[in-house]
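An overview of the molecular structure
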Amino acid sequence: MPLKNELFRLALRITQNSAEAEDVVQETMMKVWNRREQWSQIESIEAFCLTICRNLSLDKMRRMDNQAQTLEPGNDPVDRSYGADPEQQAVQRDRVALVRQLIARLPEKQRTAMQLRDIEGKSYRDIATVMGITEEQVKISIFRARQTIKKEFKRQEEYGL
């Protein structure tokens, strides 16, 4: 259960639906438990769990054919400091929503790599293991994701939607 939150965030990033992400986490836990005899042979239980979660999430997405949804607003950071007026808070909420939309538009590979690196703090090696790609491909995916978000954010901030 210590990985439950990480698994949920990864599944949510891929499925973009909290109910589906919860189902994926439960399925992941069941699959990991059913393979408990193999635990001693597994180099990294965390990478093993994340790989199963990613694969189940991708399977669910393929079945749902549901890539057009955006991430659900959850715990958006809001500046509640003394100097933050309601207008500043509204601008901040809009920017967070824009970044969320831009992340949701990324290809799955970039979105997952970015989630694991920037949000979960995983190493390139762990991400490569989870995604079944090389470390170099992970770095490229993350670079491209960041560049795309930066470029689109700047474009939309300057010129609007």
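Note that this is a predicted model, so its numbers are computed, not measured.

As for the confidence of the model for the chain
Chain-level pLDDT for the chain is 82 on average; 85% of the residues reach the 70-or-more range. Within the chain, helix H4 (residues 86-105) has the poorest average pLDDT of any element, 84, and helix H7 (residues 135-159) the best, 91. A low-confidence stretch, residues 66-72 stays under pLDDT 50, and its non-local contacts, those more than four residues away or across chains, total 19 contacts. With pLDDT under 50 throughout, residues 78-82 is counted as low confidence; its partners more than four residues away or in other chains account for 7 contacts.

What to know about the pattern of salt bridges
A complete count under the given rule lists 10 salt bridges for this structure. Note that Glu-157 is salt-bridged to Arg-95, the shortest N-O span being 3.2 Å. One end of the pair, Glu-157, is in helix H7; the other, Arg-95, is in helix H4, with 62 residues separating them in the sequence. Here Asp-118 ties to Arg-146 by a salt bridge, and the two come within 2.4 Å at their closest N and O atoms. With a gap of 28 residues between them, Asp-118 in helix H5 (residues 108-119) and Arg-146 in helix H7 connect regions that are remote in the sequence. For Asp-118, a relative accessible area of 37% translates into the label partly exposed.

The rules we used
Residues numbered from 1 in each chain as written. Predicted model: local features only at pLDDT ≥ 70, side-chain atom pairs only at ≥ 80, totals over all residues. Heavy atoms only, no water. pLDDT = per-residue confidence, 0-100. Helix = DSSP H or I, 4+ residues; strand = E, 2+ residues; numbered from the N terminus. Contact = heavy atoms within 4.5 Å. Salt bridge = Lys/Arg side-chain N within 4 Å of Asp/Glu carboxyl O. Buried < 20%, exposed > 50% of the residue type's maximum accessible area, 1.4 Å probe, protein only.

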